[in-house]
Amino acid sequence: QKEVEQNSGPLSVPEGAIASLNCTYSDRGSQSFFWYRQYSGKSPELIMFIYSNGDKEDGRFTAQLNKASQYVSLLIRDSQPSDSATYLCAVPFGSGGSNYKLTFGKGTLLTVNP
Amino acid sequence: NAGVTQTPKFQVLKTGQSMTLQCAQDMNHNSMYWYRQDPGMGLRLIYYSASEGTTDKGEVPNGYNVSRLNKREFSLRLESAAPSQTSVYFCASSSNRFPWYFGAGTRLSVL
């Protein structure tokens, strides 16, 4: 069973700051990485995915991969109170690392203070 | 455009009862998934369907069965509910090989 570890938080940042969320994974062969956001009492929503060939930026969100240290980061620039949520990291598990089967971390609770 | 619709939203069962959770998507997606989410455990894949007519086990399939009725619908059945199946259940769909859009969830309590 592949493992995905996240600091449960809460991570508290002031409005306008950069929030940095980290996720470590156990399988060195993992090729794809996913970030989901989940507001309290709501369903998860996909916000970003990256492959092992590079980092990715989408608006205020940047996903970075450090393959040597086996962790993936999600940076949120100009954090807003509306970014306050739990952020879930996921990587494929099972033989062949199929994207159909994702192992989710337990999530990091982010709080952005006005 | 409703996206992914799950029914019911809430359900209370007694141990040993059976029930079916329904999921339908209107985005013409090939892939559909069932997850459960428990406090402290994160999201865990129960079953998925890569395309109409196919289903495959995920991480925690024991005690569940699924049916991919057609391209739109993917149901999850609990044949004999147990307290350990108390959870929040999410259905998801995608045109890719990973879950993209999630339903609002079904909150199930088994007494």
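It should be emphasised that the depicted structure is a prediction, and the values quoted were computed from it without experimental measurement.

## Quick word on the nonpolar core
Link 1 in the chain: Among the nonpolar cores identified, the biggest contains 23 residues, and Trp35, Val72, Leu74, Ile76 and Tyr87 of chain A are the most heavily contacted of them.
Link 2 in the chain: Taken together, the elements giving at least two residues each to this core come down to β3 (19-25), β4 (32-38), β5 (45-51), β7 (61-66), β8 (71-76), β9 (85-92) and β11 (108-113) of chain A.
Link 3 in the chain: Excluding anything up to four places from it in sequence, isoleucine 76 of chain A contacts Ala17, Ile18, Ala19, Leu21, Arg60, Phe61, Asp83, Tyr87 and Leu110 of chain A.
Link 4 in the chain: Within the second largest apolar cluster, 20 residues are counted, among which are Leu13, Leu21, Trp34 and Tyr64 of chain B.

## Remarks on the sheet that holds β7 of chain A
The pairing of strands in a sheet comes from backbone hydrogen bonds and takes either a parallel or an antiparallel form.
Residue and element names in this part refer to chain A.
Link 1 in the chain: Spatial strand order, β1-β3-β8-β7-β6: five strands in an open sheet with antiparallel pairing. Looking at the sheet topology across the chains shown, the edges are occupied by β1 (4-6) and β6 (56-58). Direction aside, the axes of adjacent strands within the sheet are offset by 20° on average.

## What to know about the interface of chain A and chain B
Link 1 in the chain: Listed as interface residues are 20 residues of chain A and, on the opposing side, 24 residues of chain B.
Link 2 in the chain: A combined buried area of about 1,800 Å² lies between chain A and chain B, and 62% of that area is made up of carbon and sulfur atoms.
Link 3 in the chain: For the pair chain A and chain B, the interface holds zero salt bridges.
Link 4 in the chain: At the boundary of chain A with chain B, the tally comes to six residue pairs in polar contact (both at pLDDT 80 or more).

## A short note on the environment of glycine 105 of chain B
Residue and element names in this part refer to chain B.
Link 1 in the chain: The residue glycine 105 is located in the loop between β10 (101-102) and β11 (106-110) in this model.
Link 2 in the chain: Separated by 97 residues in sequence, glycine 105 and proline 8 place their C-alpha atoms 8.5 Å apart.
Link 3 in the chain: In this view, glycine 105 contacts Gln6, Pro8, Lys9, Tyr89 and Phe90; residues no more than four positions away in its chain are not counted.

Calculation notes
Residues numbered from 1 in each chain as written. Chains lettered and ligands numbered in written order. Predicted model: local features only at pLDDT ≥ 70, side-chain atom pairs only at ≥ 80, totals over all residues. Heavy atoms only, no water. Core = buried A, V, L, I, M, F, W, Y, C linked by side-chain atoms within 4.5 Å. Buried < 20%, exposed > 50% of the residue type's maximum accessible area, 1.4 Å probe, protein only. Helix = DSSP H or I, 4+ residues; strand = E, 2+ residues; numbered from the N terminus. Contact = heavy atoms within 4.5 Å. Pairing = 2+ DSSP bridges. Axes fitted to C-alpha atoms, helices over the stretch in contact; angles between N-to-C directions. Buried area = accessible area lost by both parts, 1.4 Å probe. Salt bridge = Lys/Arg side-chain N within 4 Å of Asp/Glu carboxyl O. Polar contact = N/O pair within 3.5 Å; in protein donor to acceptor, adjacent residues only side chain to side chain.

It is worth stressing that arrangement in space is one thing and function is another; only the former is reported here.
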